[in-house]
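Next come the chains, spelled out residue by residue.
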Amino acid sequence: MLRRELNELLTQTGPGTPMGELFRQYWIPALLAEELPEDDCAPVRVKILSERLIAFRDSHGRYGLMDEFCAHRGASLWFGRNEEGGLRCSYHGWKYDVTGQCVEVPSEPENSTFCANVKLTSYPLVRIGDILWTHLGDPARRPEPPEYEFIHVSPEQVYTSKRWQESNWLQALEGGIDSSHVTWLHSGALKSDPLFKGARGNQYNVNDLKPFFEVAEADGGLFVGARRNAEDGNYYWRITPWIMPSFTLVPPRGDHPVHGHFWVPIDDENCWVYTWDYHPTRPLTGAERSAMMAGFGVHSENIPGTYRPVQNKDNDYLMDREAQRRGEHYSGVKGIAIQDASLQESMGPVVDRTKERLVPADSGIIKARQKLRKAALALRDAGTTPPGVDPAHHRVRSAAVVLPREESFLEACADAVRATAGVPHATI
Amino acid sequence: MLRRELNELLTQTGPGTPMGELFRQYWIPALLAEELPEDDCAPVRVKILSERLIAFRDSHGRYGLMDEFCAHRGASLWFGRNEEGGLRCSYHGWKYDVTGQCVEVPSEPENSTFCANVKLTSYPLVRIGDILWTHLGDPARRPEPPEYEFIHVSPEQVYTSKRWQESNWLQALEGGIDSSHVTWLHSGALKSDPLFKGARGNQYNVNDLKPFFEVAEADGGLFVGARRNAEDGNYYWRITPWIMPSFTLVPPRGDHPVHGHFWVPIDDENCWVYTWDYHPTRPLTGAERSAMMAGFGVHSENIPGTYRPVQNKDNDYLMDREAQRRGEHYSGVKGIAIQDASLQESMGPVVDRTKERLVPADSGIIKARQKLRKAALALRDAGTTPPGVDPAHHRVRSAAVVLPREESFLEACADAVRATAGVPHATI
Amino acid sequence: MLRRELNELLTQTGPGTPMGELFRQYWIPALLAEELPEDDCAPVRVKILSERLIAFRDSHGRYGLMDEFCAHRGASLWFGRNEEGGLRCSYHGWKYDVTGQCVEVPSEPENSTFCANVKLTSYPLVRIGDILWTHLGDPARRPEPPEYEFIHVSPEQVYTSKRWQESNWLQALEGGIDSSHVTWLHSGALKSDPLFKGARGNQYNVNDLKPFFEVAEADGGLFVGARRNAEDGNYYWRITPWIMPSFTLVPPRGDHPVHGHFWVPIDDENCWVYTWDYHPTRPLTGAERSAMMAGFGVHSENIPGTYRPVQNKDNDYLMDREAQRRGEHYSGVKGIAIQDASLQESMGPVVDRTKERLVPADSGIIKARQKLRKAALALRDAGTTPPGVDPAHHRVRSAAVVLPREESFLEACADAVRATAGVPHATI
């Protein structure tokens, strides 16, 4: 249970809020690279951390992310012409380059210096992997680019998607570091989803309904270890890393690719869920890639031309009571991503945490909130750089292993939770 | 005309409001019985008196009505599995029985007593007649179950429906105790509706456009008498009982079944209108039942799978100016229920009663408001049980009679307005 | 850039606001005459200056504009019966004449004087030209009827339409007196629109991208002169009159009809755009009229049965990136009216003028705001009648002329900007 003030502190990420400033310390996903597929393509409206921005890719392949609205009279640059090295407002022809600098005001005389003094707020936009990353904070504090493993493997090894979620980012993240719901909500998928089924470890998930949680510190966040009984006095450990502010990896299953998420606040009542599958040591198969595109695994099938899932709040996620009754989908909702989305959105746009009752199985959530709160206040009060900003913190992996009961999961897995190129991941 | 403060007092029914507390003294309809048709069927989201609840029927036929949201992290129990004697949250498997008591938290150790201390706010849910009734107030003050006649006749004698109305409950109720609008708004229906037409009394409705109103006290509310001229120095009296908080019966017409309503606040801008037709002494005919299902009489044709009328605010109630011009429907809107809904909703979600101008024909409305106000304040200030709580108050009937001018309607109809099993109703 | 307080002063037009009172000094369009096509036709809901009204035309051809809601209990008179010289509420039969006077309360006794004391707020509604005009202010200050030329030419010479715009009125008006955007936003239309193309003057529009603006006082508002270079040391002048509060005329092109607009606030986030084409000295051709009906020129194609454009905010105005790329439509949006609407609406419901950066080309906008502010405050503080109220101020014209460099546009065009019946307009 949280006090109301603390719930607001953790969930509000607009400019000037403590958690908003925290998010502005990090490189975060702004778009998928596919959204700006070629030079001079259509600009894209982007809202993140409650700021309304326009993203574009100029004639020379440079990416720009800046205020959506023209400095002149406030018309949206979404109607602009992306041509000849800049984005030109359709209203009066004012033109901006990718840094937000105004480079032409046609009504001004030839020798005018007016436009040199006009600059839109702008942010860097950098492609690494399938994602265009941005940093909305003070350039003087801008860290080195992100080093998450999934954006540095070769393109054949990874598939990335995104979906719009109609809830605050924090309840989405909390679902991501909460390994205990898999047994219930996703129990059908463990048996049938082509990107989940067949792993030896799945039986432990299904057989032990009372996982024990142990949470360990990571340089950039936490390692949440979920321990279940295995045979012969062993434990089955599933280790979920969370790197601040909102990066997680799902523990692997057999030789399946590893799933991961990055939650990015759109505003306080909506977020983007960036989702990927990657395999550290081999290309994805055609079958895997097709399954991901079709919304299996942790991906979603979206309404064409949008990133809104076909199954959404307005259609009750196409909940099917018969499928629920048959046990095909535990909640009646199809697909792991939408199973999560449906329950997280059902809590309301911002869940009222003054009413919750947490249990030991929620220890990952509890510790993550404490870490977020501490980091946001240390930043606000002392300017302290929070965990996870340093790209070295990004090089983590999830793991799923069977260990003798007496072993500490983190000591035993010290290598397993470190991302090392070319080294297979620890999975069962 | 009401002062703004009084308008708010009478229209606001959320937890803690005086009128909300008044409503919480009564058994009120929560659902139609048809909404929970069998054991272990799908749970149903219910919002009443601004509380968001979930209703379900367990494996043993017990009904439950409780907080919609799981005590753990706030996920909606609408996604829950209704099985094995309880409703289990799909997120982490927490399970509740029909009293809201948590009976299982799977992540807890075998011997844990944790869940014994977890209980959702819950309310009784009892089937009487076609309706599932609830009482949202203090259990210590819970009255005996309701005794309205329509829920105690045999099933063949009654048909019950409901519809969503997009307005505050009070302006809906006021339409129900306002007999004077029938002559105007429903004049077409008096001639053509299969559940209205043909009664001898209808001619008096049509011929005397200036009814005189006399309002008498009832134990549980009021009897609103509308007097119109009949032949030979007689009066045609239509007597509408209103039992607090929001039960009314339309005066009968010939041998047609008797119509009735119960208005239940959803929140301050929406209400449920429960509607029934019953005949005190005979089964409904097949033709009558078909007409009710088709939206004749005071019923509505609803969008399949919902309780929203096909004719609604978003389509201007399918108003037909030609039909209005021809006199087929006085306001151009088809159907008595939707004629009422359209005008009541046109007043706005909560009508501004500081602007109204009431006339003697509104004396029923005026007296009902006085009674509601007095009862709400007496409850708040002195804990006084309001009229209509005692089930003996429920056993009333409407009546339509022709009386000599000198007779007092209430004295003459003392028997007629009392519900007595097996005795025909007083109708002309 | 405006201070926030000043932005609110200029954009808010509800009852009691300074700008609202200013608007209430003028005759303004309430409806198109086509909306009340015959005696006893359907009444029409009208919202202007944040007041919800009902307009109707009685059995004797008289027009009425009054409170939408019945004085009795607040039901909408839109459901009323328009018959026998008045509008009768469908709920209880209260009847009103076109002055808002209640003429019958059926429930009252024969000799009752009650209804004589019931009168709805009402406003005059007068047909002049294709428009029904109203005046929402103090009757004692009501000016003589409007004398704009387009409503006094013969019906063959004019075509009038309207559309709903989802923005505050002021940013719409500002688009109308901003001649400099034509070169950019409407550049495609200059070449292809049947109501724009082919005029000799168009080449100057296209060739000189740096118009110079000179703004001169008019009795009723301003003349905004936009000067572009022509051949042989001459200037091409386009003169846009703005008559307060929100009437403008587009400068003519060759023998094309003259376009004009009147912006009327619906509420603070929406406005009606009344639009006309008229030719001072000849009937419109069939081809011209057809083009206007199809949404060419400054008209829009509306959703049948409504005044909402087919291309609107909800469908991104059917923006076509390929058409933008080909240069067919500069912003990718088709049609001059919708090109304007799309950009003006993209600024948000009320653009935040604290963030704008105006330039010399915006001098018309700057001066208009100053005049509006000054007039609103003089009215509030000293009761001063604002410019544009006197119908003599209405008799202006736009003009497009080529003048020697040394001539003052206003002196040279003194006759050209005066509306004189039978005299051709000054155009090139």
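- In the nomenclature of an unreviewed UniProt entry, chain A is known as Ring-hydroxylating oxygenase subunit alpha of Phytohabitans suffuscus.

### Quick look at the packing of helix H3 (residues 169-176) of chain A against helix H10 (residues 363-382) of chain A
Packed helices, taken two at a time, are described by their axes: the angle between them and the distance between them.
Residues and elements named next belong to chain A.
Part 1: At a minimum axis separation of 10 Å, H3 and H10 run at an interaxial angle of 135 degrees. Overall, the two elements H3 and H10 adopt an arrangement that is oblique. In the packing of H3 onto H10, the handedness of the crossing is right-handed. Residue-level inspection shows Trp 169, Leu 170, Leu 173 and Glu 174 of H3 in contact with H10, the latter providing Ile 365, Arg 369 and Leu 372.
Part 2: A class-by-class count of the residues in the contact of H3 with H10 yields five nonpolar, no polar and two charged.

### As for the packing of helix H1 (residues 4-11) of chain B against helix H10 (residues 363-382) of chain B
Residues and elements named next belong to chain B.
Part 1: Running from N to C, H1 and H10 point in directions that differ by 75 degrees, and their axes come no closer than 10 Å. The pairing of H1 with H10 is recorded here as roughly perpendicular in orientation. Residue-level inspection shows Leu 6, Leu 9 and Leu 10 of H1 in contact with H10, the latter providing Arg 369, Leu 372, Arg 373 and Leu 377.
Part 2: Residue composition of the contact of H1 with H10, grouped by class: five nonpolar, no polar and two charged.

### Some details on the relation of the copies chain C and chain A
Part 1: With an RMSD of 0.0 Å, chain C superimposes on chain A once it is rotated by 120 degrees and translated 0.0 Å along the axis. In short, the pair behaves as if placed about a three-fold rotation axis. Judged by C-alpha distance, Asp314(C) is the residue of chain C that lies nearest the rotation axis, at 10.0 Å.

### So, the interface of chain C and chain A
Part 1: Each side of the interface is counted separately: chain C has 35 residues, and chain A has 32 residues.
Part 2: Interface area for chain C against chain A, summed over the two sides, is near 2,700 Å², with a carbon-plus-sulfur share of 55%.
Part 3: On the surface where chain C and chain A come into contact, there are three salt bridges.
Part 4: The residue Asp362(C) makes a salt bridge to Arg73(A) at a minimum N-O spacing of 4.0 Å.
Part 5: The interface formed by chain C and chain A contains 16 residue pairs in polar contact (both at pLDDT 80 or more).
Part 6: For the side of chain C that touches chain A, the elements supplying multiple residues, two or more each, are helix H3 (169-176), helix H4 (182-185), helix H8 (321-325) and helix H9 (336-346) of chain C.

### So, the environment of Arg142(A)
All names here are of chain A.
Part 1: Within the element layout of this structure, Arg 142 appears in the loop between strand E11 (131-134) and strand E12 (158-165).
Part 2: Note: C-alpha distance between Arg 142 and Thr 281 (139 residues apart in sequence) is 31 Å.
Part 3: Among the polar contacts listed, one links the side chain of Arg 142 to the side chain of His 135, at a separation of 3.4 Å.

### A short note on the interface of chain B and chain A
Part 1: Every contact between the two is made by 32 residues of chain B and, on the other side, 35 residues of chain A.
Part 2: Roughly 2,700 Å² of surface becomes buried between chain B and chain A when both sides are summed, with 54% attributable to carbon and sulfur atoms.
Part 3: Summed over the three residues of chain B that lose the most area to chain A, namely Arg73(B), Phe79(B) and Tyr91(B), the buried surface amounts to 29% of that side.
Part 4: Inspection of the region where chain B meets chain A yields two salt bridges.
Part 5: Where Arg45(B) meets Asp316(A), a salt bridge forms, and the shortest distance between an N and an O atom there is 2.8 Å.
Part 6: Applying the counting rule to chain B against chain A returns 16 residue pairs in polar contact (both at pLDDT 80 or more).

### Description of the domain arrangement of chain A
A common way to state how big an interface is: give the accessible area lost once the parts meet.
Residue and element names in this part refer to chain A.
Part 1: Its domain assignment divides chain A into domain 1 (27-135) and domain 2 (149-413).
Part 2: Placing the centre of domain 1 and that of domain 2 at their C-alpha centroids yields a distance of 34 Å.
Part 3: Buried surface at the junction of domain 1 and domain 2, both sides included, amounts to about 1,400 Å², of which 65% is carbon and sulfur.
Part 4: In this assembly, domain 1 and domain 2 are joined by two salt bridges.
Part 5: Here domain 1 and domain 2 share nine residue pairs in polar contact (both at pLDDT 80 or more) between them.

### Some thoughts on the UniProt feature "domain: Rieske" (unreviewed entry) in chain A
Part 1: Residues annotated in UniProt with the feature "domain: Rieske" (unreviewed entry) correspond here to residues 27-134 of chain A.
Part 2: In residues 27-134 of chain A, the share of helix is 0% and the share of strand is 40%. The end C-alpha atoms are 5 Å apart.

### A word on the layout of surface pockets
Part 1: Each pocket or cavity is described by its volume, and for the second largest pocket that value is around 1,500 Å³.
Part 2: Only helix H9 (336-346) of chain A together with strand E1 (28-32), strand E2 (44-48), strand E3 (51-57), strand E12 (158-165), strand E17 (258-267) and strand E18 (270-278) of chain B provide two or more residues apiece to the lining of the second largest pocket.
Part 3: For the lining of the second largest pocket, the per-class residue count stands at 19 nonpolar, nine polar and 18 charged.

### Describing helix H1 (residues 4-11) of chain C
Part 1: Of all the positions in H1(C), only Leu6(C), Asn7(C), Leu9(C), Leu10(C) and Thr11(C) are classed as buried.
Part 2: On the buried face of H1(C), the contacting elements are helix H2 (18-23), H3 and helix H10 (363-382) of chain C.

### Observations concerning unusual backbone geometry
Part 1: Backbone torsion omega between Met244(A) and Pro245(A) reads 5 degrees, so that peptide bond is classified as cis.
Part 2: The phi angle at Asp316(B) is positive, at roughly 50 degrees, despite the residue not being glycine.
Part 3: Position of Asp316(B) among the secondary structure elements: in the loop between helix H7 (286-293) and helix H8 (321-326).
Part 4: The class of Asp316(B) is partly exposed, set by a relative accessible area of 25%.
Part 5: Although it is not a glycine, Ser50(C) sits at a positive phi angle of roughly 65 degrees.
Part 6: Along the chain, the position of Ser50(C) falls in the loop between strand E2 (44-48) and strand E3 (51-57).
Part 7: With a relative accessible area of 29%, Ser50(C) lands in the partly exposed category.

### A few points about the packing of aromatic side chains
Part 1: If you walk through the whole model with that rule in mind, you get 54 aromatic pairs over all chains.
Part 2: Between Phe247(A) and Trp276(A) the ring centres are 5.6 Å apart and the planes differ by 20 degrees, which places this aromatic pair in the stacked class. Of this pair, Phe247(A) sits in strand E16 (residues 247-249) while Trp276(A) sits in strand E18 (residues 270-278), and the two are 29 residues apart along the sequence. Here Phe247(A) matches Trp276(A) in class, with each residue buried.
Part 3: On the basis of an interplanar angle of 90 degrees and a centroid distance of 4.8 Å, the ring pair of Phe23(C) and Trp169(C) is categorised as edge-to-face. Here Phe23(C), found in helix H2, pairs with Trp169(C), found in helix H3; they are 146 residues apart in sequence, far enough to count as distant. The burial state of Phe23(C) is the same as that of Trp169(C); both residues are buried.
Part 4: The rings of Trp133(A), Tyr148(A), Phe150(A), Phe247(A), Phe262(A) and Trp276(A) are connected pair by pair, giving a single aromatic cluster.

### So, the pairing of strand E1 (residues 28-32) of chain A
Residue and element names in this part refer to chain A.
Part 1: Burial analysis of E1 places five of its five residues in the buried class, which makes it a mostly covered element.
Part 2: Both E1 and E11 contribute to a ladder of four bridges, which runs antiparallel. When the bridges of E11 are listed, Ile 28 appears paired with Thr 134.

### Quick look at the pairing of strand E10 (residues 125-128) of chain A
Residues and elements named next belong to chain A.
Part 1: Note: E10 against E11, four bridges, orientation antiparallel. Bridge pairing in E11 places Arg 127 opposite Leu 132.
Part 2: Between E10 and E11, which follow one another and run antiparallel, lie two residues, and Gly 129 among them has a positive phi close to 70 degrees.

### Digging into the pattern of salt bridges
All names here are of chain B.
Part 1: Enumeration over the complete set of coordinates arrives at 82 salt bridges over all chains.
Part 2: Note that Arg 369 is salt-bridged to Glu 356, the shortest N-O span being 2.5 Å. With Arg 369 in helix H10 and Glu 356 in the loop between helix H9 (336-346) and H10, this residue pair connects regions lying 13 residues apart in the sequence.
Part 3: According to the relative accessible area criterion, Glu 356 is buried, its value standing at 6%.
Part 4: The salt bridge partner of Arg 380 is Asp 381, with a shortest N-O separation of 2.9 Å. The residues Arg 380 and Asp 381 share a single accessibility class, namely exposed.

### Details of the state of the cysteines
Think of a disulfide as a covalent bridge from one cysteine sulfur atom to another cysteine sulfur atom.
Part 1: Summed over all chains, the structure comprises zero disulfides over all chains.
Part 2: No disulfide involves Cys89(A); its sulfur sits 4.1 Å from the nearest other cysteine sulfur, which is in Cys70(A).
Part 3: Looking at the unpaired Cys271(A), the closest cysteine sulfur is the one in Cys89(B), lying at 19 Å.
Part 4: Overall, the relative accessible area of 0% leaves Cys271(A) in the buried class.

### Comments concerning helix H3 (residues 169-176) of chain B
All names here are of chain B.
Part 1: Of all eight residues in H3, seven are buried, a share of seventy percent or more.
Part 2: For H3, the complete set of buried residues consists of Trp 169, Leu 170, Gln 171, Ala 172, Leu 173, Glu 174 and Gly 175.
Part 3: The backbone nitrogen of Leu 170 has a side-chain oxygen 2.9 Å away, supplied by the residue at the start of H3, namely Asn 168.

What counts and what doesn't
- Position numbers for residues start from 1 in each chain and track the written sequence from start to end.
- Here the convention is simple: chains get letters from A, ligands get numbers from 1, in the order in which they are written.
- pLDDT decides what is reported in this predicted model: residues at 70 or higher carry local features, side-chain atom pairs at 80 or more are listed and counted, and totals for whole chains, interfaces and linings draw on all residues regardless.
- Hydrogen atoms and water are omitted, and side-chain values are computed over all heavy atoms in the structure.
- Axis angles are defined between N-to-C directions and span 0 to 180 degrees, where every axis is a line fitted to C-alpha atoms and, for a helix, only to the segment in contact.
- Every helix listed is a DSSP run of H or I at least four residues long, and every strand listed is a run of E at least two residues long, numbered separately from the N terminus.
- Throughout, the term roughly parallel applies to angles under 35 degrees, roughly antiparallel to angles over 145, roughly perpendicular to angles from 65 to 115, and oblique to all others.
- Left-handed describes a crossing whose near helix is turned anticlockwise from the far helix by less than a right angle; the clockwise case is right-handed.
- The contact definition used throughout considers only heavy atoms, calling two residues in contact when any of these lie within 4.5 Å.
- By the convention adopted, Pro, Cys, Tyr, Trp, Phe, Met, Ile, Leu, Val and Ala count as nonpolar, Lys, Arg, Asp and Glu as charged, and the other residues, Gly among them, as polar.
- The superposition of copies rests on a least-squares fit of C-alpha positions from residues with pLDDT of 70 or more in both.
- Buried area is understood as the total, over both parts, of accessible area removed when two parts are fitted together, assessed with a 1.4 Å probe.
- Each salt bridge in this description consists of a side-chain nitrogen of Lys or Arg and a carboxyl oxygen of Asp or Glu lying within 4 Å of one another.
- Think of a polar contact as two N or O atoms within 3.5 Å of one another; within protein, one of them needs to be a possible hydrogen donor and the other a possible acceptor, and neighboring residues in sequence only count if both atoms come from side chains.
- Bear in mind that the domain bounds are from an automatic or database domain assignment.
- UniProt positions are given in the numbering used here, feature names are shortened, and annotations may be inferred rather than shown by experiment.
- Only protein atoms enter the calculation, which uses a 1 Å grid: trapped sets of points that fit a 1.4 Å probe without letting it out are cavities, open sets showing protein on both sides within 12 Å along at least five of seven lines are pockets, and any residue with an atom within 4 Å of a point is a lining residue.
- Grid points are joined across faces, edges and corners, and a volume is the space filled by probe spheres set on the points.
- With a 1.4 Å probe rolled over the protein chains alone, any residue whose accessible area is under 20% of its type maximum counts as buried; one over 50% counts as exposed, and the rest are partly exposed.
- Aromatic pairs are defined between Phe, Tyr and Trp rings, using the six-membered ring for Trp, whenever the two ring centres lie within 6.5 Å; interplanar angles under 30 degrees are classed as stacked, those over 60 as edge-to-face, and all others as tilted.
- In short, DSSP must find at least two bridges between two strands for them to pair.
- Defined by distance alone, a disulfide is two cysteine sulfur atoms within 2.5 Å.

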